[in-house]
Amino acid sequence: MKFPWLIFLLIFCTPLSLYAEEADTINAGDTTWILVSTALVMLMTPGLAFFYGGMVRRKNVLGTIMHSFILLCLISVVWVLWGYSLAFGPDKGGIVGGLEWFGLNGVGQEPAPMSPNIPHLVFMMFQGMFAVITPALITGAFAERIKFSSFLVFSVIWVTIVYSPLAHWVWGGGWIGSKLGALDFAGGTVVHISSAVAALTAAVVIGKRQGYPREQMHPHNLPMTILGAALLWFGWFGFNAGSALASGGLAALAFVTTNTAAGTAALAWSFTEWLHRKKATALGVVSGAVAGLVAITPAAGFVSPLSAILIGIGAGSLCYLAVNLKSVLGYDDSLDVFGIHGVGGTWGAVATGLFASVAVNPGGADGLFFGNPSLLMTQIIAIAASYVFVFVFTLIILKIVDWTMGLRLSEDDEYTGLDLCVHGECGYDYGVAHGKNI
Amino acid sequence: MKKLEAIIKPFKLDEVKDALNELGIQGMTVVEVKGFGRQKGHTELYRGAEYVVDFIPKIKIEIVVSDDILEKVLKAIEQTAKTGKIGDGKIFVYNAEEAVRIRTGERGEVAL
């Protein structure tokens, strides 16, 4: 059987040897910063695993952490094989990238077509980490009740036919970024709106957790959630400042707006909660910080630090109101993916249309408050298109997976918990008899 | 022999244990329990949502004593576990039929 080996050699070995020499557009400083940023964004997914893991009940801690971690592994492979090509490959009618770069065929050490100051492989991997965290964000909506196999199949299909085309529309030369001219600095639409709309769709399709809302489902380990939020904040510097795709002033601006919005939104959430419930909670502070990080994402490189404060105030207070509306509307978006990423991401995309300024970044555009109302309209069109596209295709994928494999765990398994039933493990051993469980 | 189940505030455990030691009680079993009486529970806040927690943590002490020191033991627990505020707990007393020391096979009060 020599034939399979030949295919292996063709796919995996040929492209590497073609691009051994670096072209002189590649900048060492830029390349270094994007390599570091890629590693920072990678850390966000385990951070998200802890953020979510602490908020579920004790019996589901490993299953919830696993949802994020397995996607880091799975999407890393999907991205190299076909995801990157669909998102950033040669444009097909503004809708999707071609499969010419399947298996990174032709993607090597040469300058990246989208950003000639860094090697193509670096650009590919940086984008890959965004593709990893986006489906991981969705997992908060169907936490504690989804079937593991169905979740894996859903995630692969979702990245293939929802995430990759959307990334193409906004960043890969597709219609939203290139023709419409909407601004999305680091993924407010592509990452946060898309994951949140998918999350809301999934929460409704899969249904509520058994016992929700009659039974109280407290977070089981808030220190773990706070650690996760801290890792997210840390990694977000790579996410936003790395999205400058260069080291320098623009990266510095995005770094500062990111940090400022996170702090302001945490304060705004906390203050709102204090007024409403007479107490400032730790979960509130970290949730507010994440809301601020989400909201500044599309705006990070287009607005001033003072605008970032206003964006942060909006994010903290709006997201607090949104998560409180959940109980009124009656759906079980278990870990508030829509309340934080959907509302925060939408506010951020709208706010980019309000606060963007060419005085801050000549590569951007002026927003409503700088005399250009048309950018706000453009942003709203991009938001609406993303909502509709993501909702329709996510719904189709979920229904197909539900009909063929079933989305939900059995009642017994859901009652016992993901850790034991799905993974055969226990997150915590509280046995008294020398580690033996009684 | 009488069996006592005393449900007390968790932070009172050490004081009660020391008082019982002074009376010559040589062993006890302690369980972390949850429940409510007239004190009721408390509320917790998660992302603005209020969760009412009905069952609050208490300590249950189980001891078996001889009839002649029962009153002293009851008094000792009552005095040391008391804060005067709602939620101090309760003591229940039952008849105990038999006691066996597993190591030696001794029966009755000598096994306590």
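What comes next is a walk through the structure. (Residues numbered from 1 in each chain as written. Chains lettered and ligands numbered in written order. Predicted model: local features only at pLDDT ≥ 70, side-chain atom pairs only at ≥ 80, totals over all residues. Heavy atoms only, no water.)

1. Re the pairing of strand S4 (residues 115-119) of chain A
- For S4 of chain A, a buried count of four out of five residues is recorded, marking the element as mostly surrounded by other parts of the structure.
- Counting the residues that bridge the hairpin from strand S3 (residues 111-112) of chain A to S4 of chain A gives two residues. (Buried < 20%, exposed > 50% of the residue type's maximum accessible area, 1.4 Å probe, protein only. Helix = DSSP H or I, 4+ residues; strand = E, 2+ residues; numbered from the N terminus. Pairing = 2+ DSSP bridges.)

2. Observations concerning unusual backbone geometry
All names here are of chain A.
- The peptide bond linking Tyr-212 to Pro-213 adopts the cis configuration, its omega dihedral lying at 0°.
- Here Pro-213 is to be found in the loop between helix H7 (188-206) and helix H8 (222-241).
- A positive phi angle, near 60°, is found at Leu-104, a position not held by glycine.
- Mapped onto the fold, Leu-104 is located in the loop between strand S2 (96-97) and S3.
- According to the relative accessible area criterion, Leu-104 is buried, its value standing at 12%.
- The residue Lys-278 is not glycine, and still its phi comes out positive at about 70°.

3. Here we look at the interface of chain B and chain A
- Facing 10 residues of chain B, the contacting portion of chain A comprises 21 residues.
- Counting the surface chain B buries against chain A, the share from its top three residues, Leu-45, Tyr-46 and Arg-47 of chain B, is 64%.
- Put simply, chain B and chain A have two salt bridges between them.
- As a salt-bridge pair, Asp-336 of chain A and Arg-47 of chain B come within 3.1 Å of each other at their nearest N and O atoms.
- Counting across the interface, chain B meets chain A through eight residue pairs in polar contact (both at pLDDT 80 or more).
- Mapped onto the side of chain B that touches chain A, the elements with two or more residues apiece are strand S3 (42-46) and strand S4 (49-53) of chain B. (Contact = heavy atoms within 4.5 Å. Buried area = accessible area lost by both parts, 1.4 Å probe. Salt bridge = Lys/Arg side-chain N within 4 Å of Asp/Glu carboxyl O. Polar contact = N/O pair within 3.5 Å; in protein donor to acceptor, adjacent residues only side chain to side chain.)

4. What to know about the nonpolar core
Residues and elements named next belong to chain A.
- Counting 122 residues, the largest nonpolar core has Phe-51, Tyr-84, Trp-158, Tyr-163, Phe-239 and Ile-311 as the members making the most contacts within it.
- When residues of this core are assigned to their parent elements, the largest contribution, 12 residues, is made by helix H4 (residues 120-138).
- In contact with Tyr-163, other than residues within four places in its own chain, are Trp-79, Gln-127, Phe-130, Ala-131, Thr-134, Trp-158, Trp-171, Val-190 and Val-191. (Core = buried A, V, L, I, M, F, W, Y, C linked by side-chain atoms within 4.5 Å.)

5. Thoughts on the packing of H8 of chain A against helix H10 (residues 282-296) of chain A
Residues and elements named next belong to chain A.
- Across the interface, H8 lies against H10 with an axial gap of 10 Å and an inter-helix angle of 20°. In this view, H8 runs roughly parallel relative to H10, as classed from their interaxial angle. Handedness of the crossing formed by H8 with H10: left-handed. For the pair H8 and H10, the contacting residues are Leu-222, Thr-225, Ile-226, Ala-229, Leu-232, Trp-233, Trp-236 and Asn-240 in the first and Ala-282, Leu-283, Val-286, Ala-289, Val-290, Leu-293, Val-294 and Ile-296 in the second.
- For the contact of H8 with H10, the per-class residue count stands at 14 nonpolar, two polar and no charged. (Axes fitted to C-alpha atoms, helices over the stretch in contact; angles between N-to-C directions. Parallel < 35°, antiparallel > 145°, perpendicular 65-115°, else oblique. Left-handed = near helix turned anticlockwise from the far one by under 90°. Nonpolar A, V, L, I, M, F, W, Y, C, P; charged D, E, K, R; others polar.)

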